[in-house]
Each structure stands twice: as structure tokens, then as C-alpha cells.
Amino acid sequence: RKLIVTDGKLSLGRCLLATVSIAILLFLLLPVFITIPISFSSGSFLSYPIDGFSLRWYERIFESKSWMSSLRNSLIAGFSSAALSTIIGTLAAIGLDRFDFRGKGFAAALMIMPLAMPIVITALGLYFWLASLDFLYTYSGLIIGHTVLGAPYVLITVSANLRGFDWRLMRAAASLGASPGVATLTVMLPLLAPGILAGAIFAFIASFDDVVVALFITGPAQYTFPRQLFSGLRDQLDPSIIAASTLLTAFILGIMAVGELVRLRNQRKSR
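What you see is a predicted model; the values in this text were computed from it and never measured.

### Some details on the nonpolar core
No. 1: Formed by 35 residues in total, the largest nonpolar core has its most connected members in Trp 67, Val 158, Leu 162, Trp 167, Met 170 and Met 188.
No. 2: Looking at this core, the element that brings in the most residues is helix α8 (residues 180-208), giving ten residues.
No. 3: Setting aside residues up to four positions removed in sequence, Leu 162 forms contacts with Ala 93, Ile 94, Asp 97, Trp 167 and Leu 192.
No. 4: If you look at the next biggest cluster of nonpolar residues, it comprises nine residues, including Ala 123, Leu 136, Leu 142 and Ile 217.

In C-alpha cells:
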């Protein structure tokens, strides 16, 4: 009887947790689902019910030089900063996990500080730092700023993978004649690949979705897609803005879906 009651409590708790989780998810996603149909409206204003079905606003985006230029800037900054974030975050995670030194906790806290601080403070600090380096309103400054945002994600995901990593494998590789570099490339990195890939995806999304840092450190020539979207909200409010936000949402969801598929594939291979 006690087992039945316990199982009943567990099932009731799970049902309650699932209900609350679904309610929160709907609360967060409902505004997105409401606005997406407007991007297919044939009307010239944001209104419900929509006047008719049309792809004119998507055509306007793809025909616009400013939108396409901002998309190119976002892709350049996203891939470049994700690559740098992956290198920096992975090396930092391995160093913090492998070695003990004075100030190790402070160094780890310093690395993840951009996640804990308000994004406006981070953007303001980047503004003054990049201004001192004469990197404001340049692609280099944009990539550096987004690397600061993305590196903590890689550090966290790789550090989580390192908790289950057996360092005896590295010693075994060394005993078989492998150099530290060869052992790292052939033993460690393949085992850490899921965490590295997840961190790289999060770093790319952090760059591609950023608007606050871009507001501080970019000029008109370096406008990113979200920055162009923000400018459009102030200058012209028409369904093309909703179409741009729909494309941005679909692109990010697509990247996350690809990352999840790769993660599941790696899990199946490891079994």
C-alpha cells in the first residue's frame, strides 16, 4: 500500500510539474505565435484579423540591401565570434579543470561574469574598452564584443563534460607514445565534442541574437540583423518587421534543432 501511495504521489507531482511547465512555455511562446501570422498579411498595417495571405513582406526583406547587409554582418560576426569563443572557452575549461592555482575561483568567476552582469553594463564596459583600442564601429570590435558574450557559454558546457572525463585516458595515450597534442586531438576532443558543439551553438546564438552590445559598438556599416530590426521598430512599423523577427526566430530554432540532432546522434554512438 505504501508503494502504491508513493507512486501516486510521484505521478501526481509529475503531472503538476508538466502542467506548470507547459503553462510557462505557452506564456513565453504565445506572443510569438500570435505575431507570426501577421508577417503573411497582405495588408499594410499590423492588425488582426489579417487582410489576406501574402509573401510581400518577406520579398521586401530579401530585396532590401540594408536587410541583406545586416544579415551578412550577423553571419560574419556570429561564425567568427563562435569560433573564438569555442577556442577560448574550451582552453579555459580544460585549464581550470586540470590545474590548481591561486585565484582559480576568481578566474572562473571572471570568465562567466558576462552572464551574471546586466547586458547594458557589459555593453558599456565594452564601449569604453574598444574605444581605447580604436576598435569602435569596426568588424573587429563587433567580433570581440560578441566573443566576450559567447565564451562563458562554451566554458560552462565544456566544464560540465569534463566532470565525467577520465584523465587516465590521457596517461594511457601517453604511455602508448602519443604526444600531449596528439592525445588531446585523438582522445580528449572527441569525448568533449558534444559539450564543445553545444557551447559553440550557444555562442553563435548569443552573437546572432544580440542587440544591446551592437547598439553601443557598431556603426551603420556594421549593423547586425537584430540591430537593423531595432532601427526598423523606430523608423517604420509595418509587417516587414514581423517578417524579419519571424525569420530570426526560425533561424535560431533551426540551429538549436540541428545541435540537438547532433547531440542525440553522438549519444547513440557512445552507447
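### Considering helix α5 (residues 119-132)
No. 1: With 14 residues, α5 should reach 20 Å at 1.5 Å per residue; the first-to-last C-alpha distance of 20 Å fits that figure.
No. 2: Three or more residues of α5 are buried, namely Thr 122, Ala 123, Leu 126 and Leu 130. The buried residues of α5 occupy an angular sector of 95° when the element is viewed end-on, so they sit on one face. Across α5 from its buried face, at more than 90 degrees, point the exposed residues Phe 128 and Ser 132.
No. 3: Contacts from the buried residues of α5 go to α4 (104-116), α6 (139-162) and α9 (212-217).
No. 4: Directly beyond the C-terminal end of α5, a positive phi value near 60° is found at Asp 134.

### So, the environment of Ala 109
No. 1: Inspection of the secondary structure puts Ala 109 in helix α4.
No. 2: It is 9.8 Å that separates the C-alpha atoms of Ala 109 and Pro 152, two residues lying 43 residues apart in sequence.

### Describing the packing of aromatic side chains
No. 1: Taken as a whole and judged by the stated rule, the model has ten aromatic pairs.
No. 2: Their ring planes at 35° and their centres at 5.1 Å tell us that Phe 40 and Tyr 58 sit as a pair that is tilted. With Phe 40 in the loop between α1 (2-35) and α2 (56-63) and Tyr 58 in helix α2, this pair connects stretches of sequence that are 18 residues apart.
No. 3: Measuring from centroid to centroid gives 4.8 Å for Phe 208 and Phe 251, while their planes differ by 40°, and the two rings are tilted. On the criterion of sequence distance, the pair formed by Phe 208 in helix α8 and Phe 251 in helix α11 (residues 239-270) is long-range, its members being 43 residues apart.
No. 4: Given a relative accessible area of 2%, Phe 208 falls into the buried group.
No. 5: An aromatic cluster is built from Phe 79, Phe 204, Phe 208 and Phe 251, whose rings are joined through pairwise contacts.

Rules used throughout
- Residues numbered from 1 in each chain as written.
- Predicted model: local features only at pLDDT ≥ 70, side-chain atom pairs only at ≥ 80, totals over all residues.
- Heavy atoms only, no water.
- Core = buried A, V, L, I, M, F, W, Y, C linked by side-chain atoms within 4.5 Å.
- Buried < 20%, exposed > 50% of the residue type's maximum accessible area, 1.4 Å probe, protein only.
- Helix = DSSP H or I, 4+ residues; strand = E, 2+ residues; numbered from the N terminus.
- Contact = heavy atoms within 4.5 Å.
- Expected span 1.5 Å × (residues − 1).
- Arc of directions from axis to C-beta.
- Phe/Tyr/Trp six-rings, centres within 6.5 Å; stacked < 30°, edge-to-face > 60°.

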